[in-house]
Amino acid sequence: QVQVVESGGGLVQSGGSLRLSCVVSGSIERVNATAWYRQPPGKEGECERELVARITSDTTTTYADSVKGRFTISRDNAKNTAYLQMSSLEPEDTAVYYCRAHILPMLGTVSRNYWGQGTQVTVSP
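What this report covers is the structure whose coordinates are included nearby. Every residue gets a number counted from 1 within its own chain, in the order that chain's sequence is written. Given that this is a predicted model, residues contribute local features only at a pLDDT of at least 70 and side-chain atom pairs are listed and counted only at 80 or more, while totals for whole chains, interfaces and linings are drawn from all residues. Heavy atoms throughout the structure, all of them, feed into the side-chain values; hydrogens and water do not.

**Concerning unusual backbone geometry**
For the record, the criterion: Put simply, DSSP marks the helices as runs of H or I at least four residues long and the strands as runs of E at least two long, and each gets a number from the N terminus on. Throughout, exposure labels follow a simple rule: accessible area from a 1.4 Å probe, protein chains only, divided by the maximum for the residue type, with under 20% read as buried, over 50% as exposed, and the rest as partly exposed.
If you check the backbone angles, Thr59 has positive phi at about 65° while not being a glycine. Of note, Thr59 is situated in the loop between β5 (50-55) and β6 (61-63). At Ser88, a residue that is not glycine, the phi angle is positive and equals roughly 50°. Within the secondary structure, Ser88 sits in the loop between β8 (81-86) and β9 (95-105). Its relative accessible area of 40% is what places Ser88 among the partly exposed residues.

This is the structure we're talking about:
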């Protein structure tokens, strides 16, 4: 059983900061890339999720243009945890933030994506 659990969301004023965490647990051989997605209010379904940031197993990072210079993704392999440090938050960043981890399960032969349940981030003007 593999679990992906996000935490750290909340309500913050414009210009503030938050740090999200994504913990992977269970029978895992390896966590490959980890990514943060977000789904703004009023948008439904996985296809409406926007890629925010991604980090590979060798710590190569990519960011959406809208968050470059404000958000930083990182990972702690020993803890199977990824982080998203968000600064200079804007009301437009309001969304449910989801973690997606590409995982090779223990005794498995194929890696696949696992999603967390999401954490709400609300930025007030």
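**Focus: the side chain of Arg70**
Put simply, the test is: N or O atoms within 3.5 Å of each other form a polar contact, as long as, within protein, one can give a hydrogen and the other can take it, and as long as residues adjacent in sequence are counted only when both atoms are side-chain atoms. The contact rule is simple, with two residues in contact once any of their heavy atoms fall within 4.5 Å.
Along the chain, Arg70 turns up in the loop between β6 and β7 (71-76). Of note is the side chain of Arg70, whose polar atom sits 2.9 Å from the backbone oxygen of Ser66. Among the polar contacts listed, one links the side chain of Arg70 to the backbone oxygen of Ser88, at a separation of 2.9 Å. If sequence neighbours within four positions are ignored, Arg70 has contacts with Gln85, Met86, Ser87, Ser88, Leu89, Glu90 and Asp93.

**What about the packing of aromatic side chains?**
What counts, and what does not: Note on ring pairs: Phe, Tyr and Trp rings are taken, using the six-membered ring of Trp, and paired if centres are within 6.5 Å. Classes follow the plane angle, with under 30 degrees stacked, over 60 edge-to-face and the rest tilted. Lysine NZ or arginine CZ positioned within 6 Å of the ring centre and within 35 degrees of the ring normal marks a charge as sitting over the ring.
Within the structure shown, the criterion is met by two aromatic pairs. For the ring pair Tyr98 and Trp115, a centre distance of 6.3 Å and an interplane angle of 85° mean the geometry is edge-to-face. With Tyr98 in strand β9 and Trp115 in strand β10 (residues 112-115), this residue pair connects regions lying 17 residues apart in the sequence. Note on Tyr98: relative accessible area 12%, which makes it buried. On the basis of relative accessibility, which here comes to 26%, the residue Trp115 falls in the partly exposed class. Through a chain of ring-to-ring contacts, three or more aromatic side chains come together here, namely Tyr37, Tyr98 and Trp115. Between the NZ or CZ atom of Arg49 and the centre of the ring of Tyr98, over which it lies, the distance is 3.6 Å. Just above the ring of Tyr114 sits the side chain of Arg112; from NZ or CZ to the centre is 3.8 Å.

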